[in-house]
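Residue-level structural notes
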Amino acid sequence: MKYKKFKLTENEYNHIKSELKREPNDFELHLFSATYSEHCSYKHSKELLKLLPRENAVFPFENAGGIKVGDHVILFKMESHNHPCAVEPFNGSATGIGGIIRDVLAMNARPIALCNSLKFGDKSKRVIDGVVKGISVYGNSIGVPNISTEVLFDDCYEQNPLVNVTTIGITKADRVLTSNMAYAGLKLMLVGSATMKDGMGGAAFASKKLSDEKKSDKLSIQIANPFAKKKLIEACLDIFSKKLVIACQDCGAAGILSSTSEVAYKSGCGVEINLDKIHLGDKSIKDFEIMLSETQERMLFVVDEQNISEIENILDKYELEHSIFGKVIKEKKYIVKNKGKIKADLPTVLLVNPPKVKIKFDNKKMKTQHKRTYSPTHLFTYSPIYEQYDHTVGARTQFQPCIYPSPQPSPARGEEEGENVIIYYCTPNFNALWLWEENCSLGVLTFSVVIKNNPFKEVYEAILTASKSLEEKSYKPIGITDCLNFANPEIPPTMHEFRQTILAIKKACEELNIPVCSGNVSFYNESNGSKIKNTPAFTMLGIKRL
Amino acid sequence: MKKFCGKIIVKMKPDVKDIKGEALKQAVKSVVELHDLQCAVGNWYQISFCAKNQVEALKFIDKIAQDILSNEVIETYEIKSLEEIDE
Amino acid sequence: MSKLKVGIIVFLGTNCEYDTKRACDFLGWNSEFVWQNDKIQKKYDLIILPGGFSYGDYISSGRIAKLSPAVKSLPIGKTMILGICNGFQTLCESKLLPGALIDNKNIDFISKVTEINFQNELISLPLAHHQGNYTCKNIDKSQILMTYQNNENGSDFAIAGIYDKKNKIIGMMPHPERAMYEELGLTDGRKVFKFIQNEI
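Let me begin by describing the structure that accompanies this report.

1. Description of the overall build of chain B
A count of helices and strands for chain B gives two helices and three strands. When its helices and strands are written in sequence order, chain B yields β-α-β-α-β. Computed over the C-alpha atoms, the radius of gyration of chain B is 17 Å, more than 25% above the 12 Å expected from 2.2 N^0.38 for a compact globule of 87 residues. Counting across all 87 residues of chain B, residues that qualify as buried make up 29%.

In structure tokens:
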């Protein structure tokens, strides 16, 4: 039952054993526990996501996909950071932004806007305040405007808040940096904050429901450092502009492990890593912890040796730490050494691809658990959410929203159980960015669907409505990103609703002729006693030329 | 050369609004009823370094406190302790 | 008339330098960035300390920026100096302008486009700050350059910006560089820069 300790199934363990033709050691099992987690491997959603239309999207399978606009590319992606926000709202939401920023930054795009879609229960003041503050402090510090926000309240989110963040970046079409260009002989360089123990097991944390032991959950929280991120943004764009880096991948979930294994797998080669060469911030960190740590504000550069000293000069100017810790090798192997001793020796393909899982698509009608009449006096007052986000930095934001001083509940929707969803009107979910580079306006609309009983119809109609809403404002919809927040995929009817959602997105986007440029899936949004109504969230972009 | 360790507290001057202190007061009130509650929020710093003697060490601590740790327009500082420590 | 030469000081953590440069470009001014660790050596007509979170606002906003070679070498009294938001905080920390900026009275970040009293008219400028609450003992009223119509952050006398005419130093919390363009529906920033140009 060793595999249970590493959160692997018996099937997965046997698969590893048979491919390796030996028993994997504990260190290797730690690696698999992360790469085989739902969060990293997308094992329940991978196959269905292949159905989504990608025509006219650029880089749909890179860190962030996008759309071509003139000589430039707009890269955008939506991501979730739900589980950490339930435990530590401030750092959870701040690092959520940190993570999504890195995705466009890794492609040499300057982040120019943030959007967020937030779902709360109205009793959780601590969570709401923490999340809003986290987004505010982080986004404002790095100077990226938050322009489009959607906030919904429902009982089902009381224990399981949803925090979805979108980032939009811009770069010249011929200057996009990807993660699949590595080749043998290049060196691996880790840039940014010194690796510590924060965020340990974050990938596994996001792949299970929240436990009642909040303390152990707290150990899995990453710590945000927006100042370090700001320095990282400027340093990276400076270094990339001088074409000093061959491939780049950000260190997000499962940190060094996932970034190096992704690069190796996508580039069709292998890597050899030396743990003792990595710059650390905690002397007590164990070897497998170095691989899995989710210390924020780190990037992986794959570089040619001759450029290292110039890169290091720029990093020193921005006061960023760095270390050369490995190299790219021809054999498609993933080798980890510590002081010369081999800790892991695995085929890259095996590390990155778990065996197929059996998916339960049954449609079981679940009786919603909440019956609660909403009373406006429950709501407490706090600064309007949108006023805490710097939305004018960057001198691109075209709409300065009218702020209502107090939240307005939406009309009660009859006697159906758990039906009251209130919209907090203090946030605009539509805004536009003026693209100086291309002399046109980029419309941004953030919206979501709280699935009630007909996922296909509800999602399909929501996307069509969003598209119509952009067109009414003279914006031609050009692309969409999604963040699919669902409950436990092992328990019906989650996967049934998930599949219906995918099919609806496919139908709507094919009809509208807009690609799904990027996206994110978050499963296991439930904790003892409560689970969310499945909630796909979206950001849709449109272009208006004068 | 001896090694010294100084601990400094920086607070808002009495006649300047202590906004963080006020916010803390509201937060405490929401958790427990207390008579005559007052709150102040400041910063705590620890600086250790080598110097010839206590007099010189104090001069350095004062300079650091005045130039960097506090803004005399709105803050005051207090050297809580300055002790010689083992290397 | 030759083009105005502008130096924009950039610190680690500054994030408004590109907006400021774009505003200068729009006005037809020649601008370039000056790195925090470099002494100011060229002769500029205007030096701008832009907004942002220099040094992560560690210890306090502008506290560490004031120690940089760039700030220490500012040509006081010889060149017009403009501090916007974090720049204003840095100038106060350096004692180049009187007073200090402390936390907003509502303890939250304030981001909104609001009405500012400037040169006997009401103009619209964006605010975006956490420590914009201006406090000063013995304020010289003749130095008040602009005030908040609604005093969102609780500043003494609703002061949003001050101008030390003798030493040619201006500090303001609102962001005129974000209010220059028809495309954004905000153009009152032009009035602020025009005023500064006339004062040079």
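Anyway, onward from the coordinates.
2. Thoughts on the overall build of chain A
Tallying secondary structure elements over chain A gives 17 helices and 20 strands in all. Taken over 546 residues, chain A has a buried fraction of 65%.

3. So, the interface of chain B and chain C
Many analyses report the size of an interface as the accessible area lost when the parts associate. In this complex, chain B contributes 18 residues to the contact, which on the side of chain C involves 18 residues. Buried area between chain B and chain C, summed over both chains or domains, comes out near 1400 Å², and the portion from carbon and sulfur atoms is 59%. When the buried area of chain B at its contact with chain C is split by residue, B:Lys17, B:Ile19 and B:Ile68 rank highest and sum to 36% of it. At the boundary of chain B and chain C, one finds four salt bridges. Notably, a salt bridge pairs C:Lys137 with B:Asp15, separated by 3.7 Å at the nearest N-O pair. Seen at the junction of chain B and chain C, the total is nine residue pairs in polar contact (both at pLDDT 80 or more). Counting only elements with at least two residues in the side of chain B that touches chain C, the list comes to helix 1 (19–29), strand 2 (43–51) and helix 2 (54–69) of chain B. Residues belonging to the side of chain B that touches chain C are distributed by class as follows: nine nonpolar, three polar and six charged.

4. Regarding the packing of aromatic side chains
All told, the structure shown has 24 aromatic pairs over all chains when counted by the stated rule. Seen from their ring centres, A:Phe227 and C:Tyr58 are 5.2 Å apart, and the 80° between their planes marks the pair as edge-to-face. Here the residue A:Phe227 occupies a position in helix 11 (residues 226–241), and C:Tyr58 occupies one in the loop between strand 3 (46–49) and helix 2 (69–72), the pair thus bridging two chains. Taking the relative accessible area as the measure of exposure, C:Tyr58 reaches 40% and is therefore partly exposed. A network of ring pairs unites the aromatic residues A:Trp434, A:Trp436, C:Phe26 and C:Tyr181 as a single cluster. The residue whose ring lies beneath A:Lys473 is A:Phe430, and the NZ or CZ to ring-centre distance is 4.7 Å. Taking NZ or CZ as reference, A:Arg499 lies 3.9 Å from the ring centre of A:Phe361, over its face.

5. Section: the interface of chain C and chain A
Facing the 29 residues of chain C at the interface are 31 residues of chain A. Summed over the shared surface of chain C and chain A, the number is three salt bridges. The salt bridge partner of A:Asp390 is C:Arg178, with a shortest N-O separation of 3.0 Å. Contributing elements (two or more residues each) for the side of chain C that touches chain A: helix 1 (17–27), strand 6 (110–118) and strand 7 (121–129) of chain C. The dominant element in the side of chain C that touches chain A, judged by the number of residues it contributes, is strand 6 of chain C, at four residues. Its residues assigned to classes, the side of chain C that touches chain A comprises 16 nonpolar, six polar and seven charged.

6. Quick look at the pattern of salt bridges
This structure, assessed with the given rule, holds 41 salt bridges over all chains. Between A:Lys125 and A:Asp129 there is a salt bridge; the shortest N-O distance is 2.6 Å. Taken together, the positions of A:Lys125 and A:Asp129, both in helix 8 (residues 125–142) and four residues apart, correspond to about one turn of that helix. A relative accessible area of 36% means that A:Lys125 is categorised as partly exposed. Between C:Glu93 and C:Arg63 there is a salt bridge, with the nearest N and O atoms lying 2.7 Å from each other. Here the residue C:Glu93 occupies a position in helix 3 (residues 86–93), and C:Arg63 occupies one in the loop between strand 3 and helix 2, the gap between them amounting to 30 residues. For C:Glu93, a relative accessible area of 5% puts it in the buried group. The network of salt bridges with common partners includes A:Arg102, A:Lys229, A:Asp250 and A:Glu297.

7. Focus: helix 12 (residues 255–267) of chain A
Residues and elements named next belong to chain A. Here helix 12 contains 13 residues, and its C-alpha end-to-end distance of 18 Å stays within 8% of the 18 Å for a straight helix at 1.5 Å per residue. When you tally the buried positions in helix 12, you get 10 out of 13 residues, the bulk of the element. Of all the residues in helix 12, the buried ones are Gly255, Ile256, Leu257, Ser258, Ser259, Thr260, Ser261, Val263, Ala264 and Ser267. Phi turns positive, to about 75°, at Gly268, one or two residues after helix 12.

8. Concerning helix 1 of chain C
One turn of the α-helix equals 3.6 residues, which is why residues spaced by three or four share an orientation. All names here are of chain C. Taken together, the buried positions of helix 1 are Glu17, Asp19, Thr20, Ala23 and Cys24. Buried residues in helix 1, looked at end-on, bunch into an arc of 165°, giving them a common side. Once helix 1 ends, the next one or two residues include Gly28, with phi positive near 80°.

9. Quick look at the side chain of A:Ser41
Residue and element names in this part refer to chain A. With respect to the helices and strands, the residue Ser41 is situated in helix 4 (residues 38–41). Looking at Ser41, the relative accessible area reads 4%, which means it is buried. A polar contact is formed between the side chain of Ser41 and the backbone oxygen of Ser37, at a distance of 2.8 Å. If we ignore the near neighbours within four places in the chain, the residues touching Ser41 are Thr35, Tyr36, Lys46 and Pro354.

10. Topic: the pairing of strand 11 (residues 333–338) of chain A
Residues and elements named next belong to chain A. Across four bridges, the pairing between strand 8 (residues 270–274) and strand 11 is parallel. If you follow Glu272 over to strand 11, its bridge partner there is Ile335. Across six bridges, strand 11 lies against strand 12 (residues 341–347) in antiparallel orientation. Bridge pairing links Ile335 to Asp345 in strand 12. Between strand 11 and strand 12, which pair antiparallel one after the other, the connecting turn spans two residues, and Lys339 there sits at a positive phi close to 55°.

11. Let's talk about the sheet that holds strand 3 (residues 75–85) of chain B
Residues and elements named next belong to chain B. Read across the sheet, three strands follow the order 2-1-3 without closing on themselves; strand pairing throughout is antiparallel. Since the sheet does not close on itself, it has two edges, and those belong to strand 2 and strand 3, each with one partner. Each strand axis lies, on average, 20° off the axis of its neighbour in the sheet, ignoring direction. As paired strands, strand 1 (residues 2–12) and strand 2 are joined by nine bridges and run antiparallel to one another. Bridging across to strand 2, Ile8 finds its partner in Tyr45. Across the sheet, helix 2 is in contact with strand 1, strand 2 and strand 3; its angle to strand 3 comes to roughly 150°.

12. A few points about the environment of C:Met172
Residues and elements named next belong to chain C. Relative to the elements of secondary structure, Met172 occurs in strand 11 (residues 169–172). Sequence separation between Met172 and Ile81 is 91 residues; the distance between their C-alpha atoms is 11 Å. When sequence neighbours within four positions are dropped, the list of residues in contact with Met172 reads Leu82, Gly83, Ile84, Cys85, Phe88, Leu145, Met146, Ala160, Gly161 and Val192.

13. Comments concerning the packing of helix 16 (residues 455–472) of chain A against helix 17 (residues 494–512) of chain A
Each pair of packed helices can be summarised by the angle the axes make with each other and by the distance between the axes. Residue and element names in this part refer to chain A. Two elements in contact, helix 16 and helix 17, have axes separated by 8 Å at closest approach and are oriented at 30°. The element helix 16 and its partner helix 17 pack so that their crossing is right-handed. Residue-level inspection shows Pro455, Phe456, Val459, Tyr460, Ile463, Leu464 and Ser467 of helix 16 in contact with helix 17, the latter providing Glu497, Gln500, Thr501, Leu503, Ala504, Ile505, Lys507, Ala508, Glu511 and Leu512. In terms of residue class, the contact of helix 16 with helix 17 is made up of 11 nonpolar, three polar and three charged.

Rules behind the numbers
- Numbering of residues begins from 1 in every chain and follows the order in which that chain's sequence is written.
- The order in which chains are written sets their letters, starting at A; the order in which ligands are written sets their numbers, starting at 1.
- Totals for whole chains, interfaces and linings use all residues, but because this is a predicted model, local features are given only for residues with pLDDT of at least 70 and pairs of side-chain atoms are given and counted only at 80 or more.
- Computation of side-chain values covers all heavy atoms of the structure but excludes hydrogens and water.
- Secondary structure counts use DSSP, requiring at least four H or I residues in a row for a helix and at least two E residues in a row for a strand, with both numbered from the N terminus.
- Only C-alpha atoms enter the radius of gyration; for comparison, a globular chain is expected to reach 2.2 Å times N to the power 0.38, where N is the number of residues.
- Relative accessibility thresholds used throughout: buried, under 20% of the residue-type maximum; exposed, over 50%; partly exposed, between the two (1.4 Å probe, protein chains only).
- Residue contacts are defined here by distance: any two heavy atoms, one from each residue, within 4.5 Å place the two residues in contact.
- What gets called buried area is simply the loss in accessible area from a 1.4 Å probe that two parts show on being joined, summed for both.
- Counted as salt bridges are all cases of a side-chain nitrogen of Lys or Arg within 4 Å of a carboxyl oxygen of Asp or Glu.
- A 3.5 Å cut-off defines polar contacts: any pair of N or O atoms within that distance qualifies, except that in protein one atom must be a possible hydrogen donor and the other a possible acceptor, and neighbouring residues in sequence count only when both atoms are side-chain atoms.
- Residues are sorted three ways: Asp, Glu, Lys and Arg are charged, Ala, Val, Leu, Ile, Met, Phe, Trp, Tyr, Cys and Pro are nonpolar, and all the rest, Gly among them, are polar.
- Stacked, edge-to-face and tilted are the three classes for Phe, Tyr and Trp ring pairs, Trp counted by its six-membered ring, which pair at centre distances within 6.5 Å; planes under 30 degrees apart are stacked, over 60 edge-to-face, the rest tilted.
- By definition here, charges over rings are those cases where NZ of Lys or CZ of Arg is within 6 Å of the ring centre and within 35 degrees of the ring normal.
- In this scheme, a helix's expected span is set at 1.5 Å multiplied by one less than its residue total.
- Throughout, the arc means that of the directions going from the helix axis to the C-beta atoms.
- A pair of strands is considered paired only if DSSP assigns at least 2 bridges between the two.
- Convention adopted: a line fitted to C-alpha atoms gives each axis, helices being fitted over their contacting stretch, and angles between N-to-C directions are expressed from 0 to 180 degrees.
- Definitions for this section: a left-handed crossing has its near helix turned counterclockwise from the far helix by less than a right angle. A right-handed crossing has that turn clockwise.

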